[in-house]
Amino acid sequence: MAAAGSALQVHAVRFGPGQELLAGLQAFVEERRLRAPFIITCVGSVTRATLRLANATATNTNEVLHLSGRFEIVSLVGTLNRTAHLHISLSDPDGRTVGGHVLGDLEVFTTAEVVVGEAADLQFSREMDQRTGFPELVVLTRSEGEESA
């Protein structure tokens, strides 16, 4: 297990109707050159979402759910390096909840108010993990990240 501590910087951003949330968050991270960003909290709603379900594997990644309608964002968590790793929970108009790994198509309905944290002394990247078959989080100190760049 790799672990490290860091000072925290906090950023806030709001996305409006019709904006795609994942692409917007990735652009926000790039514009601000955040190196170890993560979601602190998010509230809002979407009209579309594409999620990979929990039973997907590296060899069977097609367990995908395409949602269309009005959904409240109940939870959004994860890291936002260049290859973001986000999970979302959404509730439909009847309160039923569904969640999964965000693949995209998170079209904002009314708003998405997001608070993003950055571990100021760290840098996140992803490397292929042969055990899981997926690119997994690598946590470096900023000095380690600058040395490997």
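Everything here concerns the structure above.
Quantities reported herein were computed from a predicted structural model and do not represent experimental measurements.

**Observations concerning the side chain of E118**
Its place among the elements puts E118 in strand 5 (residues 97–119). Residue contacts for E118: discarding those within four places in its chain leaves A7, L8, Q9, H11, R33, L34, R35, A36, P37, F38 and R142.

**Focus: the pairing of strand 4 (residues 85–91)**
Where strand 3 (residues 64–79) lies against strand 4, seven bridges are found, and the strand directions are antiparallel. Paired with E72 across the two strands is S91, which belongs to strand 4. Linkage of strand 3 to strand 4, two consecutive antiparallel strands, is achieved through a turn of five residues. Counting the residues in the hairpin turn of strand 4 and strand 5 gives five residues, including G95, whose phi is positive at 85 degrees.

**Regarding unusual backbone geometry**
A positive phi angle is found at R33, which is not glycine, with a value near 55 degrees. Looking at the secondary structure, you find R33 in the loop between helix 1 (21–32) and strand 2 (37–52). Judged by its relative accessible area of 70%, R33 is exposed.

**Focus on helix 1**
Its 12 residues place the ends of helix 1 17 Å apart at the C-alpha level, agreeing with the 16 Å of an ideal helix rising 1.5 Å per residue. Every buried residue of helix 1 is accounted for by L21, L22, G24, L25, F28 and V29. In a view along the axis of helix 1, the buried residues occupy a sector of 165 degrees, so they form one face of it. Residues of helix 1 that are buried sit in contact with strand 1 (8–15), strand 2, strand 3, strand 4 and strand 5. Where helix 1 starts, the residue carrying a side-chain oxygen 3.2 Å from the main-chain nitrogen of L22 turns out to be E20. Positive phi appears at R33, one or two residues downstream of helix 1, with a value of about 55 degrees.

The rules behind these values
- Residues numbered from 1 in each chain as written.
- Predicted model: local features only at pLDDT ≥ 70, side-chain atom pairs only at ≥ 80, totals over all residues.
- Heavy atoms only, no water.
- Helix = DSSP H or I, 4+ residues; strand = E, 2+ residues; numbered from the N terminus.
- Contact = heavy atoms within 4.5 Å.
- Pairing = 2+ DSSP bridges.
- Buried < 20%, exposed > 50% of the residue type's maximum accessible area, 1.4 Å probe, protein only.
- Expected span 1.5 Å × (residues − 1).
- Arc of directions from axis to C-beta.
- Polar contact = N/O pair within 3.5 Å; in protein donor to acceptor, adjacent residues only side chain to side chain.

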